[in-house]
Amino acid sequence: GENVEQHPSTLSVQEGDSAVIKCTYSDSASNYFPWYKQELGKGPQLIIDIRSNVGEKKDQRIAVTLNKTAKHFSLHITETQPEDSAVYFCAAYDTGGFKTIFGAGTRLFVKA
Amino acid sequence: GAGVSQTPSNKVTEKGKYVELRCDPISGHTALYWYRQSLGQGPEFLIYFQGTGAADDSGLPNDRFFAVRPEGSVSTLKIQRTERGDSAVYLCASSLGTLEREQYFGPGTRLTVT
């Protein structure tokens, strides 16, 4: 089955700087990779996703890159703001069934 | 429109008791997922419904856990003989269908077993 590893577990940046979170996956057949943002006391919220037929996707200050050969994908947040502070999860869709396998999460702190 | 809702938001129960957790998916979403999230961890898949049937229940940890979705909309996660290790946030998500992978999560039910 699929396994997803996420780094770093904690990330602290100054407001305006960029933040990068990296994930690796094990199943080379996985074809869908979402990223979620979770604020305290709330459920995860989908912020961006990428499918295996593209290498990069961008939505305003957020971008995701995918390297299928190396089986890793990354989230890039530019011009970070205090409201970006949250826990971010990467995930991969397990093609063996209907599961989405999540990484352990990255707690992002954006200091004003 | 309305998002995924879950009730109750918090549930405290004693070890050995039975609990039911409810999920109301987004209207029109045929796919429904249950996850369990322990403190400091990512959501862990439990079960997936397509319509009324459980298409993948491989994530249920043991036979104390059971879920139903009798009319293809609301789902109930049932836990028998609760144990302290069952304490976690139980999340529900829905998506338009199997091919539409975008999942929308509810706020979760925090279960505490004392």
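Residues numbered from 1 in each chain as written. Chains lettered and ligands numbered in written order. Predicted model: local features only at pLDDT ≥ 70, side-chain atom pairs only at ≥ 80, totals over all residues. Heavy atoms only, no water.

## Structural notes on the nonpolar core
At step 1: The biggest cluster of nonpolar side chains holds 25 residues, and the ones touching the most others in it are Trp35(A), Phe73(A), Leu75(A), Tyr88(A) and Leu108(A).
At step 2: Those elements giving two or more residues to this core turn out to be strand E2 (10-14), strand E3 (19-25), strand E4 (32-38), strand E5 (45-51), strand E7 (62-67), strand E8 (72-77), strand E9 (86-93) and strand E11 (106-111) of chain A.
At step 3: The next biggest cluster of nonpolar side chains, apart from the first, holds 20 residues, and it includes Cys23(B), Phe49(B), Leu77(B) and Ile79(B). (Core = buried A, V, L, I, M, F, W, Y, C linked by side-chain atoms within 4.5 Å. Buried < 20%, exposed > 50% of the residue type's maximum accessible area, 1.4 Å probe, protein only. Helix = DSSP H or I, 4+ residues; strand = E, 2+ residues; numbered from the N terminus.)

## What to know about the pairing of E7(A)
All names here are of chain A.
At step 1: Strand direction decides the pairing type here: strand E6 (residues 56-59) and E7, joined by four bridges, are antiparallel. Looking at E7, one finds that Lys58 is bridged to Ala63.
At step 2: The pairing of E7 with E8 spans six bridges and is classified as antiparallel. Considered in E8, the bridge of Asn67 is made with His72.
At step 3: In textbook terms, the turn of a hairpin is the stretch between consecutive antiparallel strands, and for E7 and E8 this stretch comprises four residues, one of which, Lys71, has a positive phi near 55 degrees. (Pairing = 2+ DSSP bridges.)

## Digging into the state of the cysteines
At step 1: This model, assessed by the stated rule, comprises two disulfides over all chains.
At step 2: Through a disulfide, Cys23(A) is tied to Cys90(A); the S-S separation comes to 1.9 Å. Here Cys23(A) and Cys90(A) share a disulfide; its torsion about the S-S bond, -100 degrees, makes the bridge left-handed. Placement of the pair is Cys23(A) in strand E3 and Cys90(A) in strand E9, with a sequence separation of 67 residues. Each member of the pair, Cys23(A) together with Cys90(A), is buried.
At step 3: Disulfide pairing is shown between Cys23(B) and Cys92(B); the S-S distance is 1.8 Å. (Disulfide = S-S within 2.5 Å.)

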